[in-house]
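Here is how the chains run, residue by residue.
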Amino acid sequence: MRLNDLLKQKKAAIVKQWFDMVVNTYPLDTSQFLKGQKDPFANPVGNTISQGIEPLFDELINKMDQNTITSFLEPILKIRAVQVMFSPSQAVAFIFSLKEVIRKNLKKETSDNEILNELLLFESKIDEMGLMAFDVFMKCREKIYAIKATDERNRTFKAFERAGLVAESQDAW
Amino acid sequence: MAALPKSDELFSKINYKPPQSGWMDTPAVLREGMFCFAAKPKSVETLSLPYPREWNPRNDDWLLPENWKEIIYEGMKDRLGRFRTFKIFMDICVRCGACADKCHFFIGTGDPKNMPVLRAELIRSVYRNDFTTFGKMLGKLAGARPLTLDVLKEWWYYLFQCTECRRCSVFCPYGIDTAEITIIGRELLNLLGLNIDWIATPAANCYRTGNHMGIQPHAFKDMLDFFVDEIEEVTGVRVEPSFNKKGADILFITPSGDVFGDPGTYTAMGYLMLHHYLKVNYGLDITWSTYASEGGNFGFFTSNETMKRLNAKMYAEAKRLGVKWILGGECGHMWRVINQYMGTMNGPADFLEEPVNPITGTKFENAKSTKMVHIIEFTADLIKHGKLNLDPSRNDHLRVTFHDSCNVARGMGMFDEPRYVIKNVCNNFYEMPRNCIKEQTFCCGSGSGLNASEDMELRLAGGLPRANAVKYVHDKHDVNMLACICAIDRAALPPLMKYWVPEVDVTGTHEMVANALIMPGEKEKTVNLRGEELPGK
Ligand code: SF4
Ligand code: SF4
C-alpha cells in the first residue's frame with residue numbers, strides 16, 4: 001500500500017486543495033468569504049465543510065466505515081440540500097473533485113504502474129463515497145419535503161384538533 | 001427525440017463552475033423553494049391595493065400594467081421626497097462591505113445578491129439611473145442601470161429574501177438600515193400588485209375579522225375557553241378570563257398565533273394563568289379583546305398605510321373599553337410597529353395613562369408615549385419585586401437557551417428582561433456565543449412574512465446561522481429547549497430545529513413562567529401544560 005503512504009504524507013496539501021475546490025463551487029464573492037472568515041458562528045458553511053472533509057479523507061485511506069462516513073457527510077449535505085442554487089448532481093460533485101486534486105498532487109508518482117493501479121482502486125472508493133453522498137443528500141431532501149408538508153398542519157391544525165374545533169380526521173390534509 | 005448529452009457535456013455540467021460575471025450581468029434565476037406564492041387577488045382587493053390579479057412568478061409574463069415603469073418611477077420619486085432615510089440610504093453607501101457577510105441569508109444561501117450591500121444596490125442602481133446626474137451621464141460606470149423587467153423580477157426575488165431583521169445595520173459605519181430599503185422596495189412592488197400571499201392574505205384577514213388567521217370572534221373565545229379547561233386539568237384551578245370588559249385596568253393584546261398555533265398555545269395558557277394569579281392576589285383586572293385580537297401586523301410588510309390601518313384597532317379598542325393602558329404579549333414585529341411607529345402613526349393616545357405597574361409602582365418610562373408595555377418587562381418587574389411565587393425546579397427537565405428575536409432585541413434593546421425572567425423560572429440556562437445573541441442575534445430566517453411552506457428551503461438556509469449556534473449549545477451543554485419571546489419564532493423555529501437540531505424543542509417564555517408559577521389553590525401538579533410529567537413526579 002504505497003499509495004496510502006503517499007496520501008498520508010501529502011494529506012495537508014490535498015485536504016486544503018480539496019477544500020478550495022468545494023468552496024469554489026460558490027460564486028466568487030461567496031467563496032472568498034467562505035475561505036476567509038474563520039469564526040465558525042459567522043461562517044457555518046465554510047466551517048462545516050472544513051470540519052467534514054478531513055475525516056472523510058481519513059476514511060478513504062482507512063476503513064471506509066459507512067456510519068462514520070455518513071456522519072461526516074451529513075452536515076455538509078444538509079447544507080447543500082437547502083442551497084437550491086445547486087442541482088442534485090452539483091450538490092454531491094464535490095466528492096468526485098477529490099480525484100482531480102489527488103491526480104494533480106501525484107503527477108510524478110503515477111508514472112509508476114503499481115501506484116497507478118492502486119490509484120484506480122482508490123478512485124473507486126471515492127466513487128463509492130460519492131454514491132453514499134447521494135443517498136444522504138436524498139434523505140435531506142426527503143426531510144425538507146416532509147417538513148414542508150406537515151409544518152402548517154402541525155402548527156395550526158393540531159391546536160384546533162385538541163380544542164375539538166375541527167373533526168378528527170380530514171382527508172384533505 | 002432529443003439527443004442524449006455526451007458524457008463530457010454531462011461532466012462539464014457536474015463539474016460546476018459558478019458564473020464569474022459581475023452582479024449586474026448575472027441575471028437572477030428564480031428557484032423553487034426560494035420564493036412564495038403570489039398574493040391572491042381577493043386579498044389584494046380587500047386591502048384596497050392596486051392591480052389585483054391571478055399571476056404566477058414562474059411565468060414569463062407577470063401581467064403588469066402597461067405603464068409599470070412609470071408607476072415605479074413616480075413611486076420612487078414620491079418616497080424619496082417623503083422618507084428622508086430612503087433618500088439618504090440611496091446616497092451615502094460607500095460600498096465598504098462591512099455589512100456584506102452579516103446577513104443570515106447570505107451566510108446560509110451563499111448567494112452574493114443576499115449581501116445587504118448588493119440587496120440595496122438592486123434598487124440603488126435604478127435610483128442612480130433615474131435620479132442622479134452622474135448616473136444619467138455615466139450609466140454602468142457610475143453603478144447605474146435602467147429598470148427592466150429582469151431588474152423588476154430581481155427586486156421581487158431578493159426583497160422577499162430579506163426578513164428586515166436589521167442585523168446588517170449594526171455593522172454599517174453609516175448606520176444604513178437595509179431593512180428600510182427592503183420596506184420601501186416592497187411598497188414599490190405593491191404598487192404593481194406584486195405582494196406574496198403569505199403576507200397579503202393574513203393582512204386581509206386581519207382587516208376583515210381582526211386577526212391573521214381569519215378566525216371569527218366566537219372561535220377566538222372558544223379557543224381560550226379550551227385553554228381554561230386545559231389549565232384546570234393541569235393545575236386544578238379554573239381561571240376566568242374576561243373579554244371586552246369595559247373599565248378593566250389593562251387591555252391585553254397578543255399575536256393570534258399564540259391562540260391558534262402550537263407551541264404558542266401553551267404560551268397563551270401561560271398568559272391566562274399569570275392574569276388569574278394577579279387578579280386573585282392583587283385584584284388586577286386584565287381583559288382580552290375579540291376585536292383587537294391580533295397583535296401582529298402583516299401590514300408592516302406591505303405598506304405604511306396598510307400597517308397604520310391594521311394597527312389602529314389597538315388604540316380604538318383601548319379607548320372604547322376605557323382601560324388605563326395596554327399590555328402586549330410575546331411578539332417581535334408587533335413591537336417594532338408599536339415601539340417605532342404607533343405613537344406618531346395612530347397616536348397620541350392621550351386617553352390612556354402613562355403605564356404604571358399598580359402592583360409594584362414601577363413606571364414604564366419607555367412606554368410613556370405608546371402606553372403599551374411588553375409582557376416580558378412586566379413579568380420581570382413583578383419577579384424583581386418578589387410578587388410571583390415561583391418554583392423553578394418544575395422546569396428542571398429543561399436545559400434552556402434563548403433566541404433574541406430581532407425586533408425586540410435590535411429594535412427595542414430588550415436584552416436583559418427575558419434572561420432575567422428565564423433565570424428565575426428555570427435552573428439550567430446556557431447562552432449561545434456572543435456574536436449570535438443580543439444586538440448581534442441571528443434571525444430565525446422566517447420573519448417579515450416569509451413564514452410560508454413553499455419557501456422552506458429559503459427559511460432553512462436563512463435559519464442556518466441561528467440553528468448552528470443552537471447546535472453548539474446542544475452539543476456542549478445538552479440544551480434541549482429554545483426559548484423565545486416572539487410568536488413568529490414559535491411558528492418558525494420548530495421546523496428549523498426539526499431539520500438542523502431535532503433534539504431541541506421550542507417554547508415561549510411565559511409557558512415556562514406558568515409552569516413554575518405556584519397558583520393559589522392549585523392541586524398537586526404532576527404534569528406541565530404540555531401534559532408532560534414533571535421532574536421527580
Ligand atoms: S456597511 Fe454601510 S456603507 Fe458599507 S457597504 Fe454596507 S451599507 Fe454600504
Ligand atoms: S435586514 Fe437582515 S435580512 Fe435584510 S439584508 Fe439586512 S441582515 Fe439581511
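Nothing here was measured: the structure is a model prediction, and the numbers come from that model.

This paragraph deals with the confidence of the model for chain B. All names here are of chain B. Overall, the prediction assigns chain B a mean pLDDT of 94, with 96% of residues at 70 or greater. This model gives residues 7-12 a pLDDT under 50, and the stretch forms 1 contact once residues within four places in sequence are excluded. Across the interfaces of the predicted complex, the ipTM metric reaches 0.93, alongside a pTM of 0.94.

Time to look at the domain arrangement of chain B. Often, the extent of an interface is quoted as the loss of accessible area on bringing the components together. Residues and elements named next belong to chain B. By domain assignment, chain B separates into domain 1 (26-199) and domain 2 (210-516). Each of domain 1 and domain 2 has a C-alpha centre, and the two are 30 Å apart. Contact residues are listed per partner, giving 37 residues for domain 1 and 37 residues for domain 2. Note on domain 1 versus domain 2: buried area summed over both sides is about 3,000 Å², and carbon and sulfur give 59% of it. The largest contributions to the domain 1 side of the interface with domain 2 come from Arg-166, Arg-167 and Trp-198, which together make up 20% of the buried area. A salt bridge links Glu-305 to Arg-82; the shortest N-O distance between them is 3.6 Å. Applying the counting rule to domain 1 against domain 2 returns 15 residue pairs in polar contact (both at pLDDT 80 or more). If you list the elements that add at least two residues to the side of domain 1 that touches domain 2, you get α5 (104-109), α9 (167-171), α10 (178-190) and α11 (197-209). No other element matches the 6 residues that α10 contributes to the side of domain 1 that touches domain 2. Among the residues forming the side of domain 1 that touches domain 2, the class breakdown is 19 nonpolar, 10 polar and 8 charged.

Another point: the interface of chain B and chain A. On the chain A side, the residues contacting the 56 residues of chain B number 44 residues. Applying the counting rule to chain B against chain A returns 3 salt bridges. Residues Arg-141 of chain A and Glu-457 of chain B are paired through a salt bridge, measuring 2.8 Å at the closest nitrogen-oxygen approach. Between chain B and chain A we count 10 residue pairs in polar contact (both at pLDDT 80 or more) in total.

It is worth spelling out the site of ligand 2 at this point. All names here are of chain B. Taken together, 13 residues form the shell around ligand 2, and within it Cys-103, Cys-162, Cys-165, Arg-166 and Cys-168 come nearest. For the shell around ligand 2, the secondary-structure elements that each account for two or more residues are α5, α6 (116-131) and α10. In terms of residue class, the shell around ligand 2 is made up of 7 nonpolar, 3 polar and 3 charged.

Turning our attention to the side chain of His-104 of chain B. All names here are of chain B. Of note, His-104 is situated in helix α5. Residue classification places His-104 among the buried positions, given a relative accessible area of 1%. One polar contact links His-104 to Thr-163, side chain to side chain, over a distance of 3.0 Å.

All names here are of chain B. Overall, parallel pairing links the 3 strands, which are arranged β6-β7-β8 in an open sheet. Looking at the sheet topology across the chains shown, the edges are occupied by β6 (400-402) and β8 (505-508). When the angles between neighbouring strand axes are averaged without regard to direction, this sheet yields 35 degrees. Along the sheet, helix α22 (residues 487-500) makes contact with β7 (481-484) and β8, crossing β8 at roughly 170 degrees.

Residue and element names in this part refer to chain B. On inspection of all chains with the given rule, the structure shows 6 cavities of 30 Å³ or more. Within this model, the largest cavity holds a volume of roughly 160 Å³. Considering the residues around the largest cavity, the lining is formed by 19 residues, among which His-333, Cys-406, Asn-407, Gly-447 and Ser-448 are closest to the centre. Looking at the lining of the largest cavity, the elements with two or more residues in it are α16 (333-345), α18 (406-409) and α22. Within the lining of the largest cavity, the residues separate by chemical class into 8 nonpolar, 8 polar and 3 charged. A volume near 130 Å³ is recorded for the second largest cavity.

Tracing the chain through its elements places Ser-303 of chain B in the loop between β3 (286-288) and α15 (304-321). Put simply, Ser-303 of chain B and Ile-183 of chain B are 120 residues apart on the chain and 7.6 Å apart in space, counted from C-alpha to C-alpha.

Residues and elements named next belong to chain B. Reading across from one edge, β1-β3-β2-β4-β5 is the order of the 5 strands in this open sheet, with parallel pairing throughout. Since the sheet does not close on itself, it has two edges, and those belong to β1 (242-243) and β5 (372-374), each with one partner. Bridging between β1 and β3 involves 2 bridges; their strand directions are parallel. The residue of β3 that forms the bridge with Ser-242 is Thr-287.

Conventions and cut-offs
- Per chain, residue numbering runs from 1 following the sequence as it is written.
- Chains carry letters from A onward and ligands carry numbers from 1 onward, assigned in written order.
- A pLDDT threshold of at least 70 governs which residues receive local features in this predicted model, and a stricter bar of 80 or more applies before side-chain atom pairs are shown or counted, although totals over entire chains, interfaces and linings include all residues.
- The basis for every side-chain value is the complete set of heavy atoms in the structure, and neither hydrogens nor water enter the calculation.
- Note: pLDDT gives the predictor's confidence per residue, expressed from 0 to 100.
- Whether two residues touch is decided by their heavy atoms; if any such pair falls within 4.5 Å, the residues are in contact.
- An automatic or database domain assignment supplies the start and end points of every domain.
- Take the accessible area each of two parts loses on contact, using a 1.4 Å probe, and add the two losses: that sum is the buried area.
- Any carboxyl oxygen of Asp or Glu that lies within 4 Å of a side-chain nitrogen of Lys or Arg is treated as forming a salt bridge with it.
- A 3.5 Å cut-off defines polar contacts: any pair of N or O atoms within that distance qualifies, except that in protein one atom must be a possible hydrogen donor and the other a possible acceptor, and neighbouring residues in sequence count only when both atoms are side-chain atoms.
- For helices the rule is a DSSP run of H or I covering at least 4 residues; for strands it is a run of E covering at least 2, with both sets numbered from the N terminus onward.
- As a working rule, the residues Ala, Val, Leu, Ile, Met, Phe, Trp, Tyr, Cys and Pro are called nonpolar, Asp, Glu, Lys and Arg charged, and the rest polar, with Gly in that last group.
- Only a single heavy atom is needed: when it lies within 4 Å of a molecule or strand, its residue is near that molecule or strand.
- Here's how the labels work: a residue is buried when its accessible area is under 20% of the maximum for its type, exposed when over 50%, partly exposed in between, all with a 1.4 Å probe on protein chains only.
- Pairing between strands requires that DSSP locate at least two bridges from one strand to the other.
- Axes here mean lines fitted to C-alpha atoms, for a helix over just the part in contact, with angles spanning 0 to 180 degrees between N-to-C directions.
- Of the grid points, spaced at 1 Å and generated over the protein atoms alone, those admitting a 1.4 Å probe that cannot get out make up cavities, while open sets with protein on both sides within 12 Å along at least five of seven lines make up pockets; any residue with an atom within 4 Å of a point is treated as lining.
- Grid points are joined across faces, edges and corners, and a volume is the space filled by probe spheres set on the points.

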